[in-house]
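Examining the three-dimensional arrangement
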There are 2 protein chains.
Amino acid sequence: MIYLDHAATTPPSKAAKAAALRSFNMFGNPSSLHVLGIEAEKEIAHARDVLARIIGASPPRLIFASGGTEANNLALKGTARKHKGRRIITTRMEHSSILETLAVMADFEPLYLDTDEGGAICLDALQKALEEPTCLVSIHHVNSATGVIQDIHAIGNIIKRVSPTTLFHVDAAQSFCKLPIHVNNMQVDLLTASAHKVGGLKGCGFLFIRDGVHCAPTTQGGGQERGLRSGTENVAGILSFAAAAESFMPITAPLKQVFLDALNLDDVKVLGKNTSPYILNIDVAGVNPEVLLNALSQRGVCVSAGAACSANKKGQGQIGWGQAPTLRVSFGEGNTVDEVVKAAELLTEIATNLRKLRKL
Amino acid sequence: MIYLDHAATTPPSKAAKAAALRSFNMFGNPSSLHVLGIEAEKEIAHARDVLARIIGASPPRLIFASGGTEANNLALKGTARKHKGRRIITTRMEHSSILETLAVMADFEPLYLDTDEGGAICLDALQKALEEPTCLVSIHHVNSATGVIQDIHAIGNIIKRVSPTTLFHVDAAQSFCKLPIHVNNMQVDLLTASAHKVGGLKGCGFLFIRDGVHCAPTTQGGGQERGLRSGTENVAGILSFAAAAESFMPITAPLKQVFLDALNLDDVKVLGKNTSPYILNIDVAGVNPEVLLNALSQRGVCVSAGAACSANKKGQGQIGWGQAPTLRVSFGEGNTVDEVVKAAELLTEIATNLRKLRKL
């Protein structure tokens, strides 16, 4: 099996698995007053420290949730009502947990920024849009479909210069641990990260909420996570998230270029400019990407068509900026140059055959 | 260590740990179209079958969530607005995820039923309360603090006879796998269960939603769980929940009686009548239960004062019906008669010494 779908989810790392196993023996409810409860609470505090350090945040500002989707819901629903302005500035390329959340926030007016040919949002348009009272700007750091990196530093600068009270939320699900993030330098008020994109387990994520940002909980109950996210803490998920993040090994080989060099096909277009080293999105002319995906899967290669964060097995989310679906190849820890070459050769063979069939 | 706090959380069972480990190799995103994604999706479908069978439900009616708290939030917020009547009938002894959720549902009028001396809700009062248009009745099956069992069958009968359109929600966090549940026989429309109360992992639970019940999602995103609960599925949590439930071993020894028989103290009152075999709640006159809890913890015995589902380490939730805090001793798989006797003897020793100190 050659797994090249790390943007959808990553295999749990060794460190994450070890932390999960360790948590099974530390099974107290972190809210319990006895020694087992206190032990679990301390371990969670340590995990919070580890994760906060990676984004330059103060640990108490990290709220653990059940994943990036819940964190994005909390970021938008929890804060918008508490801040001035009905406008929310975003893009049409956000994750469905942003777009669908905005769709139910009837009191607010989303404004979707355009992007240039390379996929970067238009900073002039952002500046102009901020002239209307805006409670929140929500922009992803790395696009899950194309890998295009948004200039969070520049965006943060513009927001805080033009409209200092406007909150800045960044969905960093595809960049956490992979690109440098510093919430102060980038002037980010809210930031979402997901465990299972960096070698942690599915079912865990966090929302960073800057000190002083008013946020209302979206889930009511026992008052865990400083009252912002009730529910007994997912101890295994949290500890393995921190372990995975702490031991995260960035890919160093230029796997995207290796893949493209080994691809022996005409009419292949690489989508996006200034993209993450972890995500490659290609349009193979004349071939349906879902057919390619299935054929590759049968040969033991896992890739994606678009972003695999939608349950409905059709479409799988927005590909980027209005194009037809394309093929996403995404890399991660453990991928070798050899298997990447092998995958590109298989894709070459399959696509060549499909094109031949088409011409018959 | 003698762990007698199973109502707060249980150690993961062998089967749950094995299922979690297995899930680490089956790491595809269930929404992915390739072989690893399809494999994960099939495993989730199997887990849903296993869990649904335990409550006599049709598998598609189970919605996985991040735990009992989220399931309770969804049960109330998701359905109330979609059904006739502004009244919600409940008790003051519900879990904080019910009480705090009702507190933010400003458009609704909660009506809290009284209970008798034994802790059972007054069925006549329920019948009378249903004369006003009522969208929802939410009653727990087993009280987490006292273990008192509510007669869900009788309650369901009354609701559906007096007001057939009123929804009936049951928080079964403390009874799932432990007491017989059949959602059809009991005329239950919505039912909450939590994995970590039956040997599963923290961070997973489900809400049963009867076919035909209108429910709106509380989390927006990729449309997982039939659109009712978006977010990449917690595969390890779900598979280990099903494995734990399937292999759940009910306690057969009369551990509560063993504990009480070994307790050599005057002025001990057992709270509640008709209680679960898993939960014992006692009032040891003249001794602060939190002092007892700490002293027992230092001697290696884990118990609780009230219900340990509140993050704030003070108070830990409502104990039942207006009494001062008391000591909760809760049993589970693996507890032996010997360790239960040992715990009772230690409690006897500690309480006797504390009472002596008080008299000095």
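This text goes with the structure placed above it.
Attention in this report is confined to the structure presented alongside it. Everything numeric in this text was worked out from a predicted model, so none of it was measured.

1. With respect to the overall build of chain A
Counting its secondary structure elements, chain A contains ten helices and 13 strands. The C-alpha radius of gyration computed for chain A amounts to 21 Å, which stays within 12% of the reference 21 Å derived for 360 residues, consistent with globular compactness. Along the first, second and third principal axes, the C-alpha atoms of chain A reach 70 × 55 × 35 Å. The buried share of chain A, taken over its 360 residues, is 62%. Nonlocal contacts in chain A, meaning residues at least 24 apart in sequence, comprise 69% of its contacts between residues at least 6 apart. Summing over all exposed atoms, chain A offers an accessible surface of approximately 13,500 Å²; the carbon and sulfur share of this is 52%. Across chain A, the 35 positively charged side chains and the 33 negatively charged ones have centroids separated by 3 Å.

2. Digging into the pattern of salt bridges
Scanning the entire structure with this criterion turns up 18 salt bridges over all chains. For D5 of chain A, the salt bridge goes to R328 of chain A, with nearest N and O atoms at 3.2 Å. One end of the pair, D5 of chain A, is in the loop between β1 (2-3) and α1 (14-25); the other, R328 of chain A, is in strand β13 (residues 327-330), and 323 residues separate them in sequence. For R210 of chain B, the salt bridge identified is with D189 of chain B, shortest N-O distance 3.4 Å. Pair noted here: R210 of chain B is in the loop between β8 (205-209) and α7 (235-246) and D189 of chain B is in the loop between β6 (167-171) and β7 (190-194), with a separation of 21 residues, a long-range link. A relative accessible area of 21% means that R210 of chain B is categorised as partly exposed.

3. Some points on the relation of the copies chain B and chain A
Superposing chain B onto chain A requires a rotation of 180° together with a translation of 0.0 Å along the rotation axis, leaving an RMSD of 0.0 Å. Considering both components of the superposition, the chain copies are consistent with a two-fold axis. Ranked by how close their C-alpha atoms come to the rotation axis, the residues of chain B are headed by S66 of chain B, at 3.1 Å. Taken together, the interface assignments show that 100% of the residues at the interface of chain B recur at the interface of chain A, consistent with an identical surface on both copies.

4. A closer look at the environment of L190 of chain B
Residues and elements named next belong to chain B. For L190, the location among the structural elements is in strand β7. Look at L190 and you get buried, because its relative accessible area is 0%. L190 sits 14 residues away from C204 along the chain, and the two C-alpha atoms are 17 Å apart.

5. Here we look at the pairing of strand β13 (residues 327-330) of chain B
Both faces of the sheet carry side chains from a regular strand, because those side chains alternate between them. All names here are of chain B. Neither face of β13 is exposed, since L327 and V329 on one face and R328 and S330 on the opposite face are all buried. In the sheet, strand β10 (residues 279-284) pairs with β13 via four bridges, with the strands oriented antiparallel. Within the sheet, the bridge partner assigned to I282 lies in β13 and is L327. By the bridge criterion, two bridges tie strand β12 (residues 304-305) to β13 in an arrangement that is antiparallel. Residue S304 lies in a different strand from β13, and its bridge partner there is R328.

6. Some remarks on the packing of aromatic side chains
Within this structure, the stated rule accounts for eleven aromatic pairs over all chains. Taking the centre distance of 4.7 Å and the plane angle of 80° together, the rings of Y3 of chain A and F27 of chain B count as edge-to-face. You can see Y3 of chain A sitting in strand β1 and its partner F27 of chain B sitting in the loop between α1 (14-25) and α2 (35-54), one on each of two chains. On the basis of relative accessible area, Y3 of chain A is assigned to the buried category, the value being 6%. Each member of the aromatic cluster is reached from another via a ring pair, and the members are F176, F206 and F241 of chain A. Its guanidinium or amino end placed over the ring of Y278 of chain A, K178 of chain A lies 5.3 Å from that ring's centre, counting from NZ or CZ.

7. Let's talk about the interface of chain B and chain A
Across the contact, 66 residues belong to chain B and 66 residues belong to chain A. Of the roughly 5,000 Å² buried between chain B and chain A on both sides combined, carbon and sulfur atoms contribute 61%. On the surface where chain B and chain A come into contact, there are zero salt bridges. Seen at the junction of chain B and chain A, the total is 20 residue pairs in polar contact (both at pLDDT 80 or more). For the side of chain B that touches chain A, the elements supplying multiple residues, two or more each, are α1, α2, α3 (68-79), α4 (96-104) and α9 (289-298) of chain B. When the residues that make up the side of chain B that touches chain A are grouped by side-chain class, the tally is 23 nonpolar, 32 polar and eleven charged.

8. Comments concerning the sheet that holds strand β9 (residues 268-270) of chain B
All names here are of chain B. Spatially, the four strands line up as an open sheet ordered β9-β10-β13-β12, and their pairing is antiparallel. Taken across any chain shown, the strands that pair with only one partner, and hence form the sheet edges, are β9 and β12. The sheet strands contacting helix α8 (residues 255-262) are β9, β10 and β13, and the helix crosses β10 at an angle near 25°.

Criteria and thresholds
Residues numbered from 1 in each chain as written. Chains lettered and ligands numbered in written order. Predicted model: local features only at pLDDT ≥ 70, side-chain atom pairs only at ≥ 80, totals over all residues. Heavy atoms only, no water. Helix = DSSP H or I, 4+ residues; strand = E, 2+ residues; numbered from the N terminus. Rg over C-alpha atoms; globule rule 2.2 N^0.38 Å. Buried < 20%, exposed > 50% of the residue type's maximum accessible area, 1.4 Å probe, protein only. Contact = heavy atoms within 4.5 Å. Areas by Shrake-Rupley, 256 points an atom, 1.4 Å probe, with all protein chains shown as cover. Lys, Arg positive; Asp, Glu negative; His and termini not counted. Charge placed at Lys NZ, Arg CZ, Asp CG, Glu CD. Salt bridge = Lys/Arg side-chain N within 4 Å of Asp/Glu carboxyl O. Least-squares fit on C-alpha atoms with pLDDT ≥ 70 in both. Pairing = 2+ DSSP bridges. Phe/Tyr/Trp six-rings, centres within 6.5 Å; stacked < 30°, edge-to-face > 60°. Lys NZ or Arg CZ within 6 Å of the ring centre and 35° of its normal. Buried area = accessible area lost by both parts, 1.4 Å probe. Polar contact = N/O pair within 3.5 Å; in protein donor to acceptor, adjacent residues only side chain to side chain. Nonpolar A, V, L, I, M, F, W, Y, C, P; charged D, E, K, R; others polar. Axes fitted to C-alpha atoms, helices over the stretch in contact; angles between N-to-C directions.

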